[in-house]
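# Residue-level structural notes
The lines below spell out each chain.
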Amino acid sequence: HAADAHRTDLMTITRYVLNEQSRHPESRGDFSILLSHIVLGCKFVCSAVNKAGLAKLIGLAGETNIQGEEQKKLDVLSNEVFVKALVSSGRTCILVSEEDEEATFVDPTLRGRYCVVFDPLDGSSNIDCGVSIGTIFGIYMAQDKDKASLDDVLQPGKNMLAAGYCMYGSSCAFVLSTGNGVNGFTLDPSLGEFILTHPDIKIPKKGKIYSVNEGNAKNWDGPTEKYVEKCKFPKDGSPSKSLRYVGSMVADVHRTLLYGGIFLYPADKKSPNGKLRVLYEVFPMSFLMEQAGGQAFTGKERALDLVPSKIHERSPIFLGSYDDVEEIKALYADEIKA
Ligand code: P6P
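Residues numbered from 1 in each chain as written. Predicted model: local features only at pLDDT ≥ 70, side-chain atom pairs only at ≥ 80, totals over all residues. Heavy atoms only, no water.

## Topic: the packing of aromatic side chains
Here is the rule we go by: Only Phe, Tyr and Trp rings are paired, with Trp represented by its six-membered ring, and only when their centres lie within 6.5 Å; those with planes under 30 degrees apart are stacked, over 60 edge-to-face, the remainder tilted. Per the convention used, a helix needs a DSSP run of H or I reaching at least four residues, while a strand needs a run of E reaching at least two, with both numbered from the N terminus. Three labels apply to residues, based on accessible area from a 1.4 Å probe with only protein chains included: buried if under 20% of the type maximum, exposed if over 50%, partly exposed otherwise in between.
Evaluation of the coordinates by the stated rule reveals eight aromatic pairs. Ring geometry for phenylalanine 297 versus phenylalanine 318: centroids 6.2 Å apart, planes at 40°, classification tilted. Here phenylalanine 318 lies in strand 13 (residues 317-320) and phenylalanine 297 lies in strand 12 (residues 295-297), a separation of 21 residues in the sequence. Using a relative accessible area of 1% as the deciding quantity, one classes phenylalanine 318 as buried.

## Observations regarding the UniProt feature "domain: Fructose-1-6-bisphosphatase class 1 C-terminal" (unreviewed entry) in the chain
Here is the rule: UniProt positions are given in the numbering used here, feature names are shortened, and annotations may be inferred rather than shown by experiment.
Mapped onto this numbering, the UniProt entry annotates "domain: Fructose-1-6-bisphosphatase class 1 C-terminal" (unreviewed entry) at residues 203-332. End-to-end, the C-alpha atoms of residues 203-332 are 23 Å apart, and along that stretch the chain is 36% helix and 12% strand.

## A few points about the nonpolar core
What counts, and what does not: As used here, the term nonpolar core means buried Ala, Val, Leu, Ile, Met, Phe, Trp, Tyr and Cys residues forming a set that is joined through side-chain atoms within 4.5 Å. Should any heavy atoms of two residues lie within 4.5 Å, those residues are considered in contact.
Ile38, Ile139, Tyr168, Phe174 and Phe194 are the most contacted members of the largest nonpolar core, which totals 38 residues. Looking at which element gives the most residues to this core, the answer is helix 3 (residues 30-57), with 11 residues. If sequence neighbours within four positions are ignored, tyrosine 168 has contacts with Cys42, Val45, Cys46, Val49, Phe82, Leu121, Ser132, Ile133, Gly134 and Thr135. Of all hydrophobic cores here, the second largest spans 24 residues; its members include Ile136, Ile201, Ala292 and Ile317.

## Comments concerning the site of the ligand
Counted only if it meets this: We define proximity as follows: a residue is near a molecule or strand when any one of its heavy atoms falls within 4 Å of that partner. Pairs of N or O atoms within 3.5 Å make up the polar contacts considered here, provided that, within protein, one atom can donate a hydrogen while the other can accept it, and that residues adjacent in sequence are counted only when both atoms are side-chain atoms. Only the protein chains shown count as cover for residues, with accessible areas throughout obtained via the Shrake-Rupley method and a probe of 1.4 Å.
Inspection of the region around the ligand gives Asp122, Gly123, Asn213, Tyr245, Gly247, Ser248, Met249, Phe263, Tyr265, Lys275, Leu276 and Glu281 as its neighbouring residues. Here an oxygen atom of the ligand sits 3.0 Å away from a polar atom, N or O, in the side chain of lysine 275. For the ligand, whose unbound accessible area comes to 390 Å², protein coverage reaches 79%.

## A word on the pairing of strand 7 (residues 183-188)
The following threshold applies: Two strands qualify as a pair provided DSSP detects at least 2 bridges between them.
Where strand 6 (residues 172-177) meets strand 7, four bridges bridge the pair, whose relative direction is antiparallel. Of the residues in strand 7, the one forming a bridge with valine 175 is glycine 184. In textbook terms, the turn of a hairpin is the stretch between consecutive antiparallel strands, and for strand 6 and strand 7 this stretch comprises five residues, one of which, glycine 179, has a positive phi near 90°. Pairing of strand 7 with strand 8 (residues 193-198) involves five bridges; the strand directions are antiparallel. Following the sheet pairing, phenylalanine 185 is matched in strand 8 by leucine 196. Between strand 7 and strand 8, which follow one another and run antiparallel, lie four residues, and glycine 192 among them has a positive phi close to 70°.

## Quick notes on the environment of phenylalanine 283
Summarising the element assignment, phenylalanine 283 is placed in helix 7 (residues 278-291). C-alpha of phenylalanine 283 to C-alpha of proline 156: the two residues are 127 residues apart in sequence and 8.2 Å apart in space. Setting aside chain neighbours within four positions, we find phenylalanine 283 in contact with Tyr140, Gln155, Pro156, Gly157, Met160, Val278, Ala303, Leu304, Leu306 and Pro308.

## Focus on unusual backbone geometry
One non-glycine residue, aspartate 200, adopts positive backbone phi at about 50°. As for its position among the elements, aspartate 200 is in the loop between strand 8 and strand 9 (209-211).

## Remarks on the side chain of threonine 92
The residue threonine 92 is located in strand 1 (residues 92-97) in this model. From its side chain, threonine 92 meets the backbone oxygen of leucine 86 in a polar contact 3.1 Å long. Setting aside chain neighbours within four positions, we find threonine 92 in contact with Leu34, Leu86, Val87, Val106, Leu110, Arg111, Gly112, Tyr114 and Val116.

## Quick notes on empty space enclosed by the protein
This is how it is decided: Each cavity reported here is a set of points on a 1 Å grid over the protein atoms alone in which a 1.4 Å probe fits but cannot get out, each pocket an open set with protein on both sides within 12 Å along at least five of seven lines, and each lining residue one with an atom within 4 Å of a point. Grid points are joined across faces, edges and corners, and a volume is the space filled by probe spheres set on the points. The nonpolar class holds Ala, Val, Leu, Ile, Met, Phe, Trp, Tyr, Cys and Pro. Asp, Glu, Lys and Arg form the charged class, and all remaining residues, Gly among them, are polar.
In this structure the tally under the stated criterion is one cavity of 30 Å³ or more. Lining the largest cavity are Ala173, Val175, Gly184, Phe185, Thr186, Thr197, His198 and His254. When contributions to the lining of the largest cavity are tallied by element, the ones reaching two or more residues are strand 6, strand 7 and strand 8. Class assignment of the residues belonging to the lining of the largest cavity gives a composition of three nonpolar, five polar and no charged.

## Remarks on helix 6 (residues 249-259)
Of all 11 residues making up helix 6, nine are buried, and the element is well covered by its neighbours. Of all the positions in helix 6, only Met249, Val250, Ala251, Asp252, Val253, His254, Arg255, Thr256 and Leu257 are classed as buried. Downstream of helix 6 by a residue or two, glycine 260 has a phi angle that is positive, lying close to 90°.

## Here we look at the sheet that holds strand 5 (residues 162-168)
Using the following cut-off: As a rule, the C-alpha atoms of each element are fitted with a line to give its axis, helices using only the stretch in contact, and angles between N-to-C directions run from 0 to 180 degrees.
Read from one edge to the other, the open sheet built from eight strands follows the order 2-1-3-4-5-6-7-8, with strand pairing classed as mixed. Edge positions in the open sheet fall to strand 2 (104-105) and strand 8, since each of these has one partner strand only. For strand 5 and strand 6, the ladder comprises six bridges, and the chain directions are antiparallel. Residue pairing in the sheet places methionine 167 in a bridge with alanine 173 of strand 6. Taken strand by strand, helix 2 (residues 13-21) contacts strand 6, strand 7 and strand 8, and its axis lies near 150° from that of strand 7. Set on the sheet, helix 7 makes contact with strand 1, strand 3 (114-122), strand 4 (133-141), strand 5 and strand 6; between it and strand 4 the angle comes to about 80°.

## Some remarks on the sheet that holds strand 12
Pairing within the open sheet is mixed, and its five strands lie in the order 10-9-11-13-12. Both outer strands of the open sheet, strand 10 (242-243) and strand 12, are each paired with one neighbouring strand and no more. In this structure, strand 11 (residues 262-265) lies alongside strand 13, joined through four bridges in antiparallel fashion. When the bridges of strand 13 are listed, isoleucine 262 appears paired with glycine 320. Relative to strand 9, helix 5 (residues 222-232) is tilted by about 145°, and along the sheet it contacts strand 9, strand 11 and strand 13. The strands that helix 7 touches are strand 12 and strand 13; relative to strand 13, the one it contacts most, it runs at about 30°.

What follows is the structure in structure tokens.
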């Protein structure tokens, strides 16, 4: 009967969030409504991404379609869908998107307490070759929605209420933390519902995989160089680590979360702050890693302690299994002492 119960006792993401909400009697369901609009956006993008290949095949994506209209690029389309869904939820006051230079301040008549920072389609350069891509988001609470300002989003990642991503790959995986552990949901296309498939995800304490773009090796600083060398030629006779690098953050982080290991996008001489964006790439993934028992480090400090001064600021990032990140922290600490 347990199997039957599992099959008929569907733990959808909506039900999960409502259960979570019951832990906060004071909440008026606003968060559940906000999340349902984020989930709606992800379902739309999942459908559009899955069709993108076909659309390309019949000449839709990125060219004029049969009606002669310029088909919007998928990341622009995804951004519009998320902005419209979040504004119409009536639960947001500020939106920061990778696609928009300026933050969006929601019309005062439609404002809610939440600020959402997001990358609507991270890794979108990989669409045409069918590599997994994803949406990444983080949620802050505004001090006062009627006096919302950029200060409400220029907050350290530890002040986020929730963070998550949706990966559009062989299946559509939605991974979420509301500060009480990490849970993974998989879209059941026949139901159009995300079903809980990975309850209470914990990252292995130590992994066998390192994930970095080795093409940047000539520009790395000492500690990163030493760490990667250690992964490839361990001194203590332990087996060398495997290198896995997709080049799409959501795919590399999802694998790291489930299998363990470390993901690195270090600073280098060309880009002293690395490449990844603090608000909607580094913070949400660092939040999830800590909630899953891992950690996230910038080369100088705990990633979630960083206080951004600009909404599109970048930071180096080392995240993943607790012990693996601990090793690179030690190498950076040695450099400071040296
Ligand atoms: P590189 C994708 O363009 C992205 O923003 C992340 O998804 C990914 O982790 C990173 O850039 C890959 O960058 O320099 O290795 O191609």
